[in-house]
Amino acid sequence: MAWSREQMAARAARELRNGYYVNLGIGIPTLVANYIPAEMTVTLQSENGLLGMGPFPRDSEVDADLINAGKETVTFVHGAAIFSSADSFAMIRGGHIDLAILGAMQVSEHGDLANWMVPGKRVKGMGGAMDLVSGVRHVVVVMEHSAADGSAKLVRNCSLPLTGKGVVHRVITDLCVLDVTPGGFEVFELANEVTREQVKQHTEGSLRFRDGAS
Amino acid sequence: MDERDRPVSGVNKLWPSASAALDGIVRDGMVLAIGGFGLCGIPEALILALRDTGVRDLTIASNNAGVDGWGLGLLLENHQVRKMISSYVGENVEFERQFLAGELEVEFCPQGTLAERMRAGGAGIPGFYTRTGVGTLVAEAKEHKDFDGITYILERGIRADLALVKAWKADLCGNLIYRRTARNFNPQAAACGKITVAEAEIIVQPGEIDPDEIHTPGIYVHRLVHNPHPEKRIEKRTTRKE
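1. Overview of the overall build of chain A
So, step 1. Regarding its fold elements, chain A presents five helices and 13 strands.
So, step 2. In terms of C-alpha radius of gyration, chain A reaches 17 Å, essentially the compact-globule figure of 17 Å for 214 residues.
So, step 3. Counting only C-alpha atoms and orienting by the principal axes, one finds that chain A spans roughly 50 × 40 × 30 Å.
So, step 4. The buried share of chain A, reckoned over its 214 residues, is 59%.
So, step 5. Counting contacts in chain A only where the partners sit at least 6 residues apart, residues at least 24 apart contribute 60% of the total.
So, step 6. Carbon and sulfur atoms make up 50% of the accessible area of chain A, which totals about 8900 Å².
So, step 7. Distance between charge centroids for chain A: 5 Å, based on 19 positive and 24 negative side chains.

2. A word on the overall build of chain B
So, step 1. Scanning chain B from terminus to terminus reveals six helices and 12 strands.
So, step 2. Radius of gyration (C-alpha) of chain B: 19 Å, near the 18 Å computed for a compact globule of 242 residues.
So, step 3. Projected onto its principal axes, the C-alpha coordinates of chain B cover approximately 60 × 50 × 45 Å.
So, step 4. Residues classed as buried in chain B amount to 54% of the 242 residues present.
So, step 5. Considering only contacts in chain B between residues 6 or more positions apart, those separated by 24 or more positions represent 71%.
So, step 6. Element-wise, carbon and sulfur atoms account for 49% of the exposed surface of chain B, whose accessible area totals about 10600 Å².
So, step 7. Of the side chains in chain B, 29 bear a positive and 33 a negative charge, and the two mean positions are spaced by 2 Å.

3. Brief notes about the sheet that holds strand E13 (residues 207–209) of chain A
All names here are of chain A.
So, step 1. Strand order in the open sheet formed by 10 strands is E4-E3-E2-E1-E5-E8-E10-E11-E12-E13, and the pairing between neighbours is mixed. This sheet does not close on itself; its edge strands, each paired only once, are strand E4 (76–82) and E13. Sheet twist, expressed as the mean angle between neighbouring strand axes with direction ignored, is 25°.
So, step 2. On top of the sheet, helix H1 (residues 5–13) reaches strand E5 (99–102), strand E8 (138–142), strand E10 (170–172), strand E11 (176–181) and strand E12 (184–190); it is set at about 150° to E10, its chief contact.

4. Remarks on the environment of Thr163 of chain A
So, step 1. Along the chain, the position of Thr163 of chain A falls in the loop between strand E9 (154–155) and E10.
So, step 2. Separated by 47 residues in sequence, Thr163 of chain A and Trp116 of chain A have C-alpha atoms that sit 6.4 Å apart.
So, step 3. Not counting residues within four places of it along the chain, the set of residues in contact with Thr163 of chain A comprises Leu113, Ala114, Asn115, Trp116, Ala129, Met130 and Val133 of chain A together with Thr136 of chain B.
So, step 4. Of the polar contacts made by the side chain of Thr163 of chain A, one reaches the side chain of Asn115 of chain A; its length is 2.6 Å.

Conventions we followed
Residues numbered from 1 in each chain as written. Chains lettered and ligands numbered in written order. Predicted model: local features only at pLDDT ≥ 70, side-chain atom pairs only at ≥ 80, totals over all residues. Heavy atoms only, no water. Helix = DSSP H or I, 4+ residues; strand = E, 2+ residues; numbered from the N terminus. Rg over C-alpha atoms; globule rule 2.2 N^0.38 Å. Buried < 20%, exposed > 50% of the residue type's maximum accessible area, 1.4 Å probe, protein only. Contact = heavy atoms within 4.5 Å. Areas by Shrake-Rupley, 256 points an atom, 1.4 Å probe, with all protein chains shown as cover. Lys, Arg positive; Asp, Glu negative; His and termini not counted. Charge placed at Lys NZ, Arg CZ, Asp CG, Glu CD. Pairing = 2+ DSSP bridges. Axes fitted to C-alpha atoms, helices over the stretch in contact; angles between N-to-C directions. Polar contact = N/O pair within 3.5 Å; in protein donor to acceptor, adjacent residues only side chain to side chain.

See below:
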């Protein structure tokens, strides 16, 4: 059985470590915050200028001056810090954020990432994605293994315009977890009842299975 | 020093209204830097006043382009914008229409690069190298340079003819304090303007703000406008149960 969106988020939460400063992208990555283990302290960064993002506010707490990078109203936790966009991206570009978890349209076997535009379709812009993937120490992509039309998202070379070149370290899909290595994609974990054959069938590009991957 | 003996620094920068503050300093074809992230921390009164001046062919560096009917969307509807320098413009239908019709030019700029371009411009730095965007469309036609085995691209600082920013609190010398994430691009926009106009919700006398608390020193702010009750529209009101 392939993992659900929630299960993918829960799996991604296992990438977190105590004391980490983490930036979560929009979509499934946002759900990761719901799976932070109770005994673990993780500080969430929002690139519009907040370190120590809390949950959504109660209705009575909504503050138009306090939003996340997705423009949603949020809260902050005790110990939070607020700063300007330049300071925010200085900590991102400067390699001070431990982990970024974000979505993608394509990831190549070289770790190239495409997640900001499809030629011929409405272009909204890259936001902070290019800065995040080139500056954050560890970049984890969470995405469906295949596109809605069945085409591969794990590819030899990205056909879509890149967000970053050689920037992805690990990918969590609904079928498996894999690392981007000098030898291509290396699967080390499969979702329950998903077979190596299934993964092969839906992956383009160089693919290996680490010993014991199941 | 006895507080009663402390001299007052700077001149009174308060103008009677947003439109008065823009009088004589706007012209067609000028380059603006405008603070805000989405609709959070935008200088609402100054944008409305800018629309009412009718200036055209503007180049605007701002992270976003407002929404239909509010923020920078007001200037787009009025066909006053020739070019946007932004990282994300997805919330505006009129923007999309003008862009596809070739009426509006867009320079997509990564968000951190945009903030740093404003910071650099304000700090007298004409350009800087960054890893952001290497190997992407953003890097095309830009100088590449390797440092310690890593490739970087050269990005230019932005110096704006006019910057419009939103603060929470200001004193009459133009010292600014922002509130929560409404700070965002405002400090960098303020610094990169040849002329900077700030609007603030609260305006106090010099000396009523502790110098240690100031986010933007008044040297960057040339004119000040009082807007005690901005609308502060919310793009995505997300809540949890009480």
